[in-house]
Amino acid sequence: MKTVGILALQGDFEAHARALRRAGAETRLVRKTEDLQGIDGLVIPGGESTTILKLLREEKLLDPLREFGQTHPMLGTCAGAILMASDVAQPAQESLALMDLSVERNAYGRQLQSRVEQIQPEAEFERRTHEGALEAVFIRAPIIRRTGPAARVLARYQGSAVLVEEGRHLAATFHPELTQDSRVHELFLKKL
Ligand code: GLN
């Protein structure tokens, strides 16, 4: 069985641990560089990306995570997607830059503080998981304004990518760990 680490400095890491176990993985909470030893992939959860970034700096985890991401799959959700992106706006902040994405934080404004949407994923996503609408929970979500040439968009909402694959990595601007639909986690486990 594969072991997936979940960055557990801040945010909803426990919900990801439950979702990953449901999808058939072992899990380990990651708080220090040593915790990266022996895991097959890593999830960066939602939360507050500025806070997570501050804690990553304090724990000296930024470079170890960048290195880990050169050779292992990572899934970033919401704040985690912001940390995975190469370019962050509103306000600009440092990131791991593991995916060629431009994101704008809190970009739905008051219109979408928190909302559950049924979205129709791309056929590619359904082919690799199974069919059906995706229940997408958005909480102060970013908008992906640009995807790089190597990106594969697996779901869109209001015309913007909300689930993107680029090489070994995945980023979602919504919270797949908060629903019973395990397909995003299952897809991630297939990449390990
Ligand atoms: N608004 C948060 C940020 O900018 C992300 C929200 C979330 O992860 N649910 O970091």
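A quick note: this is a predicted structure, and the numbers were derived from the prediction, not measured.

Colleague: Any chance you could explain the environment of Arg66 here in plain terms?
Modeller: Counting through the fold element by element, Arg66 comes out in helix 3 (residues 62–71). Apart from residues no more than four positions distant in its own chain, Arg66 is found in contact with Glu94, Ser95, Leu96 and Leu98. There is a polar contact of 2.9 Å between the side chain of Arg66 and the backbone oxygen of Ser95.

Colleague: I would appreciate a short explanation of the pairing of strand 2 (residues 26–30) in the present structure.
Modeller: One face of the sheet, then the other: side chains in a regular strand alternate in exactly this way. Pairing analysis gives five bridges linking strand 1 (residues 3–7) to strand 2, with the strands arranged parallel. Note that in strand 2 the partner of Gly5 across the bridge is Arg28. Regarding topology, helix 1 (residues 13–22) serves as the crossover connection from strand 1 to the parallel strand 2, and that connection is right-handed.

Colleague: Teacher, can you tell me more about the site of the ligand here?
Modeller: Near the ligand the following residues occur: Gly46, Gly47, Glu48, Ser49, Cys78, Ala79, Ile82, Arg105, Asn106, Ile139, Arg140 and His175. Ala79 is positioned with one of its backbone polar atoms (N or O) 3.0 Å from an oxygen atom of the ligand. Here the ligand loses 97% of its free accessible area of 300 Å² to cover by the protein chains. Across the shell around the ligand, the residue classes break down as four nonpolar, five polar and three charged.

Colleague: So what exactly am I meant to see when it comes to the nonpolar core here?
Modeller: For soluble globular proteins, the rule of thumb is that nonpolar side chains tend to be buried together. Core analysis: the biggest nonpolar cluster contains 32 residues, and Leu7, Leu36, Leu42, Ile44, Leu56, Leu65 and Met74 have the highest contact counts within it. Looking at this core, the elements that each hand over two or more residues are strand 3 (41–44), helix 2 (49–58), helix 3, helix 4 (79–84), strand 5 (85–89), strand 6 (99–104) and strand 11 (160–166). A total of five residues in this core trace back to one element, the largest contributor, which is helix 4. The residues touching Ile44, leaving out its near neighbours within four places in the chain, are Leu7, Met74, Leu75, Gly76, Thr77, Gly80, Leu83, Met84 and Leu96. Of all hydrophobic cores here, the second largest spans 31 residues; its members include Leu134, Ala141, Ile143 and Phe174.

Colleague: Explain the packing of aromatic side chains to me, please; I cannot follow it from the model alone.
Modeller: Each pair of aromatic rings is reported with the distance of its centres and the angle of its planes. Under the counting rule described, the total for this entry stands at four aromatic pairs. Ring centres of Tyr108 and Tyr157 lie 6.2 Å apart, and the angle between their planes is 50°; this geometry places the pair in the tilted category. With Tyr108 in the loop between strand 6 and strand 7 (114–119) and Tyr157 in strand 10 (residues 151–157), the pair connects residues that are 49 residues apart, well separated along the chain. As far as the burial class goes, Tyr108 and Tyr157 line up, both buried. Members of the aromatic cluster, connected to one another through ring pairs, are Tyr108, Phe138, Tyr157 and Phe174.

What counts, and at which threshold
Residues numbered from 1 in each chain as written. Predicted model: local features only at pLDDT ≥ 70, side-chain atom pairs only at ≥ 80, totals over all residues. Heavy atoms only, no water. Helix = DSSP H or I, 4+ residues; strand = E, 2+ residues; numbered from the N terminus. Contact = heavy atoms within 4.5 Å. Polar contact = N/O pair within 3.5 Å; in protein donor to acceptor, adjacent residues only side chain to side chain. Pairing = 2+ DSSP bridges. Right-handed = clockwise from strand over helix to strand, strands pointing away. Near = heavy atom within 4 Å. Areas by Shrake-Rupley, 256 points an atom, 1.4 Å probe, with all protein chains shown as cover. Nonpolar A, V, L, I, M, F, W, Y, C, P; charged D, E, K, R; others polar. Core = buried A, V, L, I, M, F, W, Y, C linked by side-chain atoms within 4.5 Å. Buried < 20%, exposed > 50% of the residue type's maximum accessible area, 1.4 Å probe, protein only. Phe/Tyr/Trp six-rings, centres within 6.5 Å; stacked < 30°, edge-to-face > 60°.

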